[in-house]
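Residue-level listing of the chains:
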Amino acid sequence: MATRLTLSEKKRQYMEGLPTRNLPGSSWRRSGNCWAGSFPPGGLTVDYRGLDACDDYHAYREKSLDLARFDPAVFGSREQKLAFWINIYNMTVIDRLIRCSIDDSVWENKSFFNHEAIQIRNHKYSLDDIEKGILRGNVRTQYRPLRKFRSWDVRNRLIVDPAHECVCFALVQGSKSSPLLHFYQAEKIEAQLYAAAAGFINGGGGVLNREAKTRSISRIFKWHTPDFGGGQGVIKFIANHFSMTEDAAFLRSPAASLKMSYQGYNKDLNITV
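Definitions and limits used
Residues numbered from 1 in each chain as written. Predicted model: local features only at pLDDT ≥ 70, side-chain atom pairs only at ≥ 80, totals over all residues. Heavy atoms only, no water. Core = buried A, V, L, I, M, F, W, Y, C linked by side-chain atoms within 4.5 Å. Buried < 20%, exposed > 50% of the residue type's maximum accessible area, 1.4 Å probe, protein only. Helix = DSSP H or I, 4+ residues; strand = E, 2+ residues; numbered from the N terminus. Disulfide = S-S within 2.5 Å. Pairing = 2+ DSSP bridges. Phe/Tyr/Trp six-rings, centres within 6.5 Å; stacked < 30°, edge-to-face > 60°. Lys NZ or Arg CZ within 6 Å of the ring centre and 35° of its normal. Contact = heavy atoms within 4.5 Å. Salt bridge = Lys/Arg side-chain N within 4 Å of Asp/Glu carboxyl O.

Another aspect to go through is the nonpolar core. Of all hydrophobic cores here, the largest spans 70 residues; its most connected members are Trp-85, Ile-86, Ile-88, Leu-135, Phe-169 and Phe-221. For this core, the leading source of residues is helix H5 (residues 78-99), giving 12 residues.

This is the structure we're talking about:
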């Protein structure tokens, strides 16, 4: 497969000639509007082919060239950081899916999440850098005991601190079992993130059978257990976001003695057919 340029790879001479612009402004909202027309209501699947033909999407790709001259440290609030980096992550996932001509699953490209995907200011970021390094507070995981950013890494100043427990419900990974696609805005980010969490849990991410005394939850909870303060934190979070109060009360009951299992994760591409 031919090598494709990432979002921000162009000749240095061209980069140095670009004016500095206010990236988090109207162009981002236009990109969000473009997204809205590229997936059915609910964001369950994405029309990648339709998105590739969207003028606003290509305008975003041109606008993204400015990221090489943009300093994300200008964001003063946690809300601004969350909205910016979540949208950057999701846009980069979609862009890589289109540019890399993924047909079946992002996992057919073993370096999809680890390969440098976008340049911002003086640094190139992989999707894992953005997720685990910035949005999840430079967290250690069971699969990676070392932090993404070491103590001397200047990108530590960009970390969202404290991390938001709902971030995992906002990051789209291009698979059928990943969360739904939304465009996030700083002034609405708290409500949007908790709505995304509730939608994910009540949309099948947490299934309780009171008669059989079983519960099955998305494997995303297993991967993100530290974000909720451990296993009991996961159960408490799910109970707090169940739409049915009876299920929530039953899940909180110490006498419930439920058997718990993790659901299978469907890695197939969430493409609109």
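Considering all chains together, one arrives at zero disulfides under this definition. Cysteine Cys-166 remains unbridged, with the sulfur of Cys-168 as its closest cysteine sulfur at 7.2 Å.

Let us now look at the pairing of strand E4 (residues 214-217). Here four bridges tie strand E3 (residues 206-209) to E4, and the two strands are oriented antiparallel to one another. Its bridge partner lying in E4, Asn-209 is registered against Thr-214. With antiparallel pairing between neighbouring strands as the criterion, E3 and E4 make up a hairpin whose turn holds four residues, including Lys-213 at a positive phi of roughly 55 degrees. The pairing of E4 with strand E5 (residues 259-262) spans four bridges and is classified as parallel. Residue Ile-217 lies in a different strand from E5, and its bridge partner there is Tyr-262.

A complete count under the given rule lists 16 aromatic pairs for this structure. Each ring, one from Phe-169 and one from Phe-237, has its centre 5.7 Å from the other, and the planes form 10 degrees; the classification is stacked. Placement of Phe-169 in the loop between helix H6 (127-135) and helix H7 (189-205) and of Phe-237 in helix H9 (residues 231-241) is noted, with a sequence separation of 68 residues between them. Per residue, the accessibility class of Phe-169 equals that of Phe-237, and both read buried. Between Phe-221 and Phe-228, the aromatic rings sit 5.7 Å apart at their centres with planes inclined by 45 degrees, giving tilted as the arrangement. Of the two residues, Phe-221 and Phe-228, both sit in the buried class. An aromatic cluster is present here, built from Phe-70, Phe-75, Phe-84, Trp-85 and Tyr-125 joined pairwise through their rings. The residue whose ring lies beneath Arg-96 is Phe-112, and the NZ or CZ to ring-centre distance is 5.0 Å.

The next point concerns the environment of Met-260. Note that Met-260 resides in strand E5. According to the relative accessible area criterion, Met-260 is partly exposed, its value standing at 36%. C-alpha separation for the pair Met-260 and Thr-214, spaced 46 residues apart in sequence, amounts to 5.9 Å. For Met-260, the residues in contact, after removing those within four places along its chain, are Arg-215 and Ile-217.

Let's shift gears to unusual backbone geometry. Cis geometry marks the peptide bond from Asp-161 to Pro-162; its omega dihedral reads 0 degrees. Among the secondary structure elements, Pro-162 is positioned in the loop between H6 and H7. Positive phi outside glycine occurs at Arg-121, with the angle close to 55 degrees. Within the secondary structure, Arg-121 sits in the loop between strand E1 (116-120) and strand E2 (123-126).

Turning to the pattern of salt bridges, a few remarks are in order. Pairs may arise between side chains of opposite charge once their charged atoms sit close together. For the coordinates displayed, the defined rule picks out 11 salt bridges. Put simply, Arg-99 and Asp-52 hold a salt bridge, and the shortest N to O gap is 2.7 Å. With a gap of 47 residues between them, Arg-99 in helix H5 and Asp-52 in helix H3 (residues 48-52) connect regions that are remote in the sequence. The partner of Glu-131 in a salt bridge is Lys-132, and the shortest N-O contact between them spans 3.7 Å. The pair Glu-131 / Lys-132 is uniform in exposure class, with both members buried. Three or more residues joined by partner-sharing salt bridges are found here, namely Asp-128, Glu-131, Lys-132, Arg-136 and Asp-227.

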